[in-house]
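So the chains spell out like this:
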Amino acid sequence: MRQDESGCEQMAADIYVAENFRAARVNPPERSVWLDDTGYYWHLYRYFEGAKVQRAEELVDLYGGAEIDGYELDRLEDELKAAREHATHKPDEWKVLTGWNGKPARENEIWRVVKKAELLEIIARMIWLIDLARTQNLKLIVSGD
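Keep in mind that this is a model prediction, so the values were computed, not measured.

(A) Up close: the pattern of salt bridges. On inspection of all chains with the given rule, the structure shows seven salt bridges. One salt bridge connects Arg-134 with Asp-74, and the closest N-O pair in it is separated by 2.9 Å. Here Asp-74 lies in helix α2 (residues 70-88) and Arg-134 lies in helix α3 (residues 116-135), a separation of 60 residues in the sequence. A salt bridge links Arg-134 to Glu-77, with the nearest nitrogen and oxygen atoms 3.0 Å apart. Taken together, the positions of Arg-134 in helix α3 and Glu-77 in helix α2 put the pair 57 residues apart, joining distant regions of the chain. Judged by relative accessible area, which is 33%, Arg-134 ranks as partly exposed. According to the relative accessible area criterion, Glu-77 is buried, its value standing at 13%. Among the charged side chains, a network of salt bridges with common partners joins Asp-74, Glu-77, Lys-81 and Arg-134.

In structure tokens:
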């Protein structure tokens, strides 16, 4: 768990490459992806869900974990490439709905800014991790807290 700029605790997912959950990460720490409960995660959420293959839980979950390999890894790469393509047509920054304060109603919506350059960097690092996992016959690990 991390704290956001207001000091509130925030859920997050650490994404890296390893043999399994218990094994040490293979990639350099600076090439890992850390997704907080922000506009970046929620913008990419539909692409993560599009990559799922018969999973009861979310593929990239801020609260849980996953070991992603094989066909699901291929699907995730395809979805991230689609996200990258769609992002190139966006403005330099935009707002993404990330939740609600209290009852779900328009006046309670929480919106966060997403910057195109930062989103494209996250996508690039995730695609790099997928390639590393594939070439070393390892898994993409998602460790939510």
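(B) Fine view of the environment of Trp-111. Topologically, Trp-111 is positioned in strand β7 (residues 109-115). By relative accessible area, Trp-111 is classed as partly exposed at 40%. Sequence separation between Trp-111 and Asp-131 is 20 residues, and the spatial gap between their C-alpha atoms is 32 Å. Not counting residues within four places of it along the chain, the set of residues in contact with Trp-111 comprises Lys-95, Val-96 and Leu-97. A polar side-chain atom of Trp-111 sits 2.9 Å from a polar atom in the side chain of Glu-109.

(C) Summary view of the side chain of Ser-32. Looking at the secondary structure, you find Ser-32 in the loop between β3 (12-18) and β4 (33-36). For Ser-32, the side chain forms a polar contact with the side chain of Arg-25, separated by 2.7 Å. At a separation of 2.9 Å, a polar atom in the side chain of Ser-32 contacts the side chain of Asn-27. Look past the residues within four positions of Ser-32 in its chain and what remains in contact with it is Asp-14, Ile-15, Tyr-16, Arg-25, Asn-27, Arg-125 and Leu-129.

(D) Summary view of the sheet that holds β4. If you walk across this open sheet you meet the four strands as β4-β3-β8-β5, and the pairing is antiparallel. Bordering the open sheet on either side are β4 and β5 (65-68), each of which pairs with just one other strand. Pairwise comparison of adjacent strand axes, ignoring direction, gives a mean angle of 15 degrees for this sheet. Examined bridge by bridge, β3 and strand β8 (residues 139-144) share six bridges and lie antiparallel to one another.

(E) Here's a closer look at the packing of α2 against α3. Following both chains from N to C, one finds α2 and α3 inclined at 160 degrees, their axes separated by 10 Å at the closest point. For the element pair α2 / α3, the angle class is roughly antiparallel. Classified by chirality, the crossing of α3 by α2 is left-handed. In contact with Leu-73, Asp-74, Leu-76, Glu-77, Leu-80, Lys-81, Ala-83, Arg-84, Ala-87 and Thr-88 of α2, α3 contributes Lys-116, Leu-119, Leu-120, Ile-123, Met-126, Ile-127, Ile-130, Ala-133 and Arg-134. For the contact of α2 with α3, the per-class residue count stands at 12 nonpolar, one polar and six charged.

Conventions adopted
Each chain carries its own residue numbering, running from 1 in the direction its sequence is written. The predicted origin of the model limits local features to residues at a pLDDT of at least 70 and limits the giving and counting of side-chain atom pairs to 80 or more, whereas totals for whole chains, interfaces and linings rest on all residues. Hydrogen atoms and water are omitted, and side-chain values are computed over all heavy atoms in the structure. Salt-bridge detection follows one rule: a side-chain nitrogen of Lys or Arg within 4 Å of a carboxyl oxygen of Asp or Glu. Comment: elements are numbered from the N terminus, with helices defined as DSSP H or I runs of at least four residues and strands as E runs of at least two. Only protein chains enter the accessibility calculation, which uses a 1.4 Å probe; a residue is then buried when its area is under 20% of its type maximum, exposed when over 50%, and partly exposed in between. Contacts between residues were defined by any pair of non-hydrogen atoms, one from each residue, lying within 4.5 Å. What qualifies as a polar contact is a pair of N or O atoms within 3.5 Å, subject to a donor-acceptor requirement within protein and to the restriction that residues adjacent in sequence count only when both atoms come from side chains. Any two strands with at least two DSSP bridges between them are considered paired. Only the contacting stretch of a helix is used when fitting its axis, a line to C-alpha atoms as for every element, and angles between N-to-C directions run 0 to 180 degrees. Should an angle fall under 35 degrees it is called roughly parallel, over 145 degrees roughly antiparallel, and 65 to 115 degrees roughly perpendicular, with every other angle called oblique. What makes a crossing left-handed is the near helix being turned counterclockwise from the far one by less than a right angle; a clockwise turn instead makes it right-handed. By the convention adopted, Pro, Cys, Tyr, Trp, Phe, Met, Ile, Leu, Val and Ala count as nonpolar, Lys, Arg, Asp and Glu as charged, and the other residues, Gly among them, as polar.

It is worth stressing that arrangement in space is one thing and function is another; only the former is reported here.
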